[in-house]
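# Inside the fold
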Amino acid sequence: MSGAVLAAVLCAALMHAGWNAMVKARGDAFLSTVTVAASAGILCALALPFLPQPAQASWPFILASSLTQVLYYALLMETYREGDISHAYPLMRGCAPLIVAVLGLPFTGERLAALQWLAIGLICGGVLTMVAAVRGTALSARRTTLLALATACVIAAYTLIDGIGVRKSGAPAAYTLWIFLLTALGVLLLARRRRGELLPFVRRHPVLLGGGAMTVGSYGVALWAMTQAPVATVAALRETSILFATAIAVLILHERVGPLRLFGAALIAGGAAAMRLY
């Protein structure tokens, strides 16, 4: 993986952690998530007429990815409704690369080198360490864990779909924008019962509109990187967003993060470094 691709994926990871923190910090996870998804869709609709369009062969993947990402947003709303970002985010983002790596060979035909497997193992081991640091067995904590694991499976699904589809598209930018536009329409359907609350909520929290740009930019960069490097490698490196999310949880959201969780973050950083050495 080249230095330029590495830097781009790390920037994407920072943007992803940033918009997730916005969703958690606004108080109403449902309306926050809808606002981010809808603003992303508007930006994409404005940009699409000026871009080369995806090849016909990629459209089944665009549709499949859009449906999968609507499910992702629905799970995200529920996960952040009660769960801390320092608990849920590492679990749902960190387990996905392992699923992608295991399923990558039959779906994409990619074979990873030993050092890449070590890097993925370090990243996933760090995630599990961070999750083990969560104290308490309250029902809400168990529910957050189950929702985060379900979200990880959905993340792995759309990562594999898009890892194949973006290569067939011949137009990574338009491929990404169509996904976000169609996903936004689906998320707005989910919000139809609360549509009267949406505009007043946006007026109170206009910063969430920036979250739409961040989510489009984050995933767009990741899909571009998948055309330059193996899907599993990009997926694992992107999960260094956990480091950024942990920092945000401590410094901005004032969540408590103990030594064990910090050790997990260090394992993730080691995995990212091993990925760079390949």
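So, here is what we can say about the structure in this document. (Residues numbered from 1 in each chain as written. Predicted model: local features only at pLDDT ≥ 70, side-chain atom pairs only at ≥ 80, totals over all residues. Heavy atoms only, no water.)

## Some words on the overall build of the protein chain
When its secondary structure is counted, the protein chain shows twelve helices and zero strands. Each helix (α) and strand (β) of the protein chain, taken in turn from the N terminus, gives the series α-α-α-α-α-α-α-α-α-α-α-α. Counting over 278 residues, the protein chain shows a buried share of 53%. For the protein chain, contacts bridging at least 24 residues in sequence account for 90% of all contacts bridging at least 6. (Helix = DSSP H or I, 4+ residues; strand = E, 2+ residues; numbered from the N terminus. Buried < 20%, exposed > 50% of the residue type's maximum accessible area, 1.4 Å probe, protein only. Contact = heavy atoms within 4.5 Å.)

## Here we look at the pattern of salt bridges
Following the criterion strictly, the structure yields four salt bridges and no others. Between R81 and E78 there is a salt bridge, and its shortest N-O distance comes to 3.2 Å. On the criterion of helical spacing, the pair formed by R81 and E78 is a turn pair, its members being three residues apart in helix 3 (residues 59-82). Overall, the relative accessible area of 48% leaves R81 in the partly exposed class. (Salt bridge = Lys/Arg side-chain N within 4 Å of Asp/Glu carboxyl O.)

## Examining the nonpolar core
Formed by 73 residues in total, the largest nonpolar core has its most connected members in W19, Y72, Y73, Y80, Y89 and F180. Beyond its immediate chain neighbours, meaning those up to four positions away, Y89 contacts H16, A17, N20, Y80, G94, S241, I242 and A245. (Core = buried A, V, L, I, M, F, W, Y, C linked by side-chain atoms within 4.5 Å.)

## Brief notes about a nonpolar patch on the surface
Side chains of V250, L251 and I252 sit close together on the surface and give an oily, nonpolar patch of about 310 Å² of accessible area. Topologically, I252 is positioned in the loop between helix 11 (241-251) and helix 12 (259-277). (Patch = residues over 30% accessible without salt bridge, like charges linked within 9 Å, V, L, I, M, F, W, Y side chains within 5 Å. Areas by Shrake-Rupley, 256 points an atom, 1.4 Å probe, with all protein chains shown as cover.)

## Observations concerning the side chain of T176
Note on placement: T176 falls in helix 7 (residues 172-190). Overall, T176 belongs to the buried group, its relative accessible area being 2%. Those residues within four positions of T176 in sequence are excluded, and the remaining contacts are V216, Y219, G220 and L223.

## A closer look at the packing of aromatic side chains
Applying the stated criterion to the full structure yields four aromatic pairs. When the ring of W59 is compared with that of W178, the centres are 5.1 Å apart and the planes differ by 65°; the resulting orientation is edge-to-face. You can see W59 sitting in helix 3 and its partner W178 sitting in helix 7, a full 119 residues away along the chain. Grouping aromatic residues by their ring pairs yields a cluster made of W19, Y72, Y73 and Y158. (Phe/Tyr/Trp six-rings, centres within 6.5 Å; stacked < 30°, edge-to-face > 60°.)

## What to know about the environment of T145
Along the chain, the position of T145 falls in helix 6 (residues 139-169). Expressed as a C-alpha distance, the spacing of T145 and Y89, which sit 56 residues apart in the sequence, is 9.9 Å. Apart from residues no more than four positions distant in its own chain, T145 is found in contact with H87 and L91.

## Overview of empty space enclosed by the protein
Per the stated rule, a full pass over the model turns up two cavities of 30 Å³ or more. Each pocket or cavity is described by its volume, and for the largest cavity that value is around 60 Å³. Along the walls of the largest cavity sit H16, W19, Q69, Y72, Y73, R93, Y158, F180, T215, Y219 and R238, which together make up its complete lining. Secondary-structure elements contributing two or more residues to the lining of the largest cavity are helix 1 (3-25), helix 3 and helix 9 (208-226). Looking at the lining of the largest cavity residue by residue, the class counts come to six nonpolar, three polar and two charged. (1 Å grid on protein atoms, 1.4 Å probe; cavity = no way out; pocket = protein on both sides within 12 Å on 5 of 7 lines; lining within 4 Å. Points joined across faces, edges and corners; volume = space filled by probe spheres on them. Nonpolar A, V, L, I, M, F, W, Y, C, P; charged D, E, K, R; others polar.)

Geometric values such as these leave the question of function open.
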